[in-house]
Amino acid sequence: MWKFYSVFCIFLGLSSFVNAQQNSIKLIDVDFNRTNVFQIVNDLKTKTGYHFFYDPAQFDSLKVTLTVRQKPLEFILDKIFEHSSYHYVITDQQEVILTKDRKISTDLAPGFFYNNSTQIIADAPVTDYNIEGQKKVAEATTENKLYEIGIRTNNIKSGTANLAGYVRNIKSGEAVIGASIYNAESKVGIATDQFGYYSLTLPRGRQTLTIKGLGMKDTRRKIVLYSDGKLNIEMQEQVTSLKEVQISAEK
């Protein structure tokens, strides 16, 4: 009888532990419709309390359509980055790190803890990831990338289409007010409103947009406009260094 009681207590304790673990996992709802990474991160951060770290330039072309109900954060991130080159890792400090192409591992390298009988292989070739990373950035910048807007077709129809989106500061995520978006070929341009929003009608086809903003670095976007669509643009702040000024006066 005593053995039966002991086994019952152990089983009850394990059940309580499992239920506590399940209850500690926060379940959330999301409803994304061609949503960009900036809006996704803000939504998940508000609902989970986790902090997100990522390079906005690497996620500028990501658009997500997803609706789920009462699912944990890991499930939602798995669905967002399914069948893509994007990855994520969740740390013990409630932090989420988003990367492209390369996946970050939080596990210790094999053999980190070793005894005297463990052999260490020296002189192993080490990949210089910094150099490779610099090459990738140089080859695939936002200005050199070609953005396809709308529903892609083999033959681009004649006529015009509407292009709209937001212009934001790449560092702070704040709206860039009064930024100009201009196409030199069609001589069509517009300025962003108080929310950083713009909307303009352009000829269909391939063209280059020039974007300028007060206190921001000029940038451009190469696009192929098939039909109505959206393009969010991120700009960098312009840091101006002052030259040395000498002031002299006569008696």
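Throughout what follows, the structure given in this document is the object of discussion.

What counts and how
- Residues numbered from 1 in each chain as written.
- Predicted model: local features only at pLDDT ≥ 70, side-chain atom pairs only at ≥ 80, totals over all residues.
- Heavy atoms only, no water.
- Helix = DSSP H or I, 4+ residues; strand = E, 2+ residues; numbered from the N terminus.
- Buried < 20%, exposed > 50% of the residue type's maximum accessible area, 1.4 Å probe, protein only.
- Contact = heavy atoms within 4.5 Å.
- Polar contact = N/O pair within 3.5 Å; in protein donor to acceptor, adjacent residues only side chain to side chain.
- Axes fitted to C-alpha atoms, helices over the stretch in contact; angles between N-to-C directions.
- Parallel < 35°, antiparallel > 145°, perpendicular 65-115°, else oblique.
- Nonpolar A, V, L, I, M, F, W, Y, C, P; charged D, E, K, R; others polar.

### Overview of the environment of Asp29
- Within the secondary structure layout, Asp29 lies in strand β1 (residues 28–35).
- Given the relative accessible area of 29%, Asp29 is considered partly exposed.
- Along the chain, Asp29 and Thr67 lie 38 residues apart, while their C-alpha atoms are 7.6 Å from each other.
- In contact with Asp29, not counting residues within four places along its chain, are Lys47, Val68, Arg69 and Gln70.
- Here the side chain of Asp29 touches Gln70 through a polar contact of 2.6 Å, landing on its backbone nitrogen.

### A closer look at the packing of helix α2 (residues 37–48) against helix α3 (residues 73–80)
- In contact at an axis separation of 12 Å, α2 and α3 are set at 170° when each is read in the N-to-C sense. The angle between α2 and α3 places the two elements in the roughly antiparallel class. Along its contact with α2, which presents Ile40, Leu44 and Thr48, the element α3 presents Leu73, Ile76, Leu77 and Ile80.
- Broken down by class, the residue content of the contact of α2 with α3 amounts to 6 nonpolar, 1 polar and no charged.

### A short note on the side chain of Ser227
- Tracing the sequence through the fold places Ser227 in the loop between β12 (219–225) and β13 (229–230).
- For Ser227, a relative accessible area of 18% corresponds to the buried category.
- Separated by 3.0 Å, the side chain of Ser227 and the backbone nitrogen of Ile151 make a polar contact.
- Leaving out residues up to four positions away in the same chain, Ser227 has contacts with Ile149, Gly150, Ile151, Ala161, Asn162 and Arg204.

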